[in-house]
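Examination of the molecular architecture
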Amino acid sequence: YEKQKNELKKFFSDAKAYAETTPAEKNLRLEAMKGIFFGTKTLFVHVNYVKEIADAVHFSKEAGVKKMVIVGGKDAWMVTDLLKENNVGVMVNRVHDLPNRTDDDIDLPYKLPALLQKAGVLFCLENSGDMEQIQSRNIPFLAGTASAYGLTKEEALSSITLSTAKI
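The rules behind the values
- Residues numbered from 1 in each chain as written.
- Predicted model: local features only at pLDDT ≥ 70, side-chain atom pairs only at ≥ 80, totals over all residues.
- Heavy atoms only, no water.
- Helix = DSSP H or I, 4+ residues; strand = E, 2+ residues; numbered from the N terminus.
- Buried < 20%, exposed > 50% of the residue type's maximum accessible area, 1.4 Å probe, protein only.
- Areas by Shrake-Rupley, 256 points an atom, 1.4 Å probe, with all protein chains shown as cover.
- Lys, Arg positive; Asp, Glu negative; His and termini not counted.
- Charge placed at Lys NZ, Arg CZ, Asp CG, Glu CD.
- Pairing = 2+ DSSP bridges.
- Right-handed = clockwise from strand over helix to strand, strands pointing away.
- Contact = heavy atoms within 4.5 Å.
- Polar contact = N/O pair within 3.5 Å; in protein donor to acceptor, adjacent residues only side chain to side chain.
- Salt bridge = Lys/Arg side-chain N within 4 Å of Asp/Glu carboxyl O.

**Quick look at the overall build of the protein chain**
Broken down by element type, the protein chain carries nine helices and four strands. Ordered by position in the sequence, the α and β elements of the protein chain form the string α-α-β-α-β-α-β-α-β-α-α-α-α. Referenced to the eigenvectors of the C-alpha coordinate spread, the extents of the protein chain come out at roughly 55 × 30 × 30 Å. Here the protein chain holds 167 residues, and 40% of them are scored as buried. As presented, the protein chain carries roughly 10,000 Å² of accessible surface, and 55% of it is formed by carbon and sulfur atoms. Here the protein chain contributes 22 positively and 22 negatively charged side chains, and the mean placements of these two sets differ by 5 Å.

**Brief notes about the pairing of strand β4 (residues 123–126)**
The side chains of a regular strand alternate between both faces of the sheet. Taking every second residue as pointing to the same face, both faces of β4 are buried, with Phe123 and Leu125 on one and Cys124 and Glu126 on the other. Both strand β3 (residues 89–93) and β4 contribute to a ladder of four bridges, which runs parallel. Across the sheet, the residue bridging to Val90 is Phe123, located in β4. For the crossover that starts at β3, traverses helix α5 (residues 108–119) and ends in the parallel β4, the hand is right-handed.

**Details of helix α2 (residues 28–38)**
The complete set of buried residues in α2 reads Leu30, Met33, Gly35, Ile36 and Phe37. Summarising the contacts, the buried residues of α2 are in contact with α1 (2–19), β1 (43–47) and α3 (50–63). Backbone nitrogen of Arg29 and a side-chain oxygen of the N-cap are separated by 3.1 Å at the start of α2; the cap is Asn27. Gly39, located one to two residues past α2, shows a positive phi value of around 85°.

**As for the pattern of salt bridges**
In this structure the tally under the stated criterion is nine salt bridges. Between Glu31 and Lys34 there is a salt bridge whose closest N-O contact spans 3.3 Å. With a gap of three residues between them, Glu31 and Lys34 both fall in helix α2, about one helical turn apart. What makes Glu31 partly exposed here is its relative accessible area of 23%. Residue Lys34 is classed as partly exposed on the basis of its relative accessible area of 23%. A salt bridge links Asp97 to Lys74; its shortest N-O distance comes to 2.7 Å. Taken together, the positions of Asp97 in the loop between β3 and α5 and Lys74 in the loop between β2 (68–72) and α4 (80–85) put the pair 23 residues apart, joining distant regions of the chain.

Interpretation in functional terms is not warranted from these geometric data alone.
Next comes the structure, spelled out in structure tokens:
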């Protein structure tokens, strides 16, 4: 894990240095990263657990990333202050799922959107994973479930429309 983090730090450091100069020869990998440092592109980080979320937020801050979004974020409810403080949104993945841990509340995935809403964290519902195209028809059902477990109907609708657009 530490080795991979160090490799990422070096890559982001190289990409930032590349973005701040006008190189004679284009490096397409580093060229694609430019917008992340200027705020024209968003960095999407797929993580679920508290340590991973915290590492991602701190890493992006250190690297000079302007906009970052957590994708997945099953433990995001435990670090809402960190997310809100750093203006990090969350794309909540599949509320129709089981909790991560055996001792978690069985309804936790259903309640996660309401917990994020209550804490003031920008979030949206998404359905990535197996067979996204076929499963996209279920997105309104995800919003309905989130509504049944704490969101108002307007907040649930916003979680699949306006909030998605903001993110």
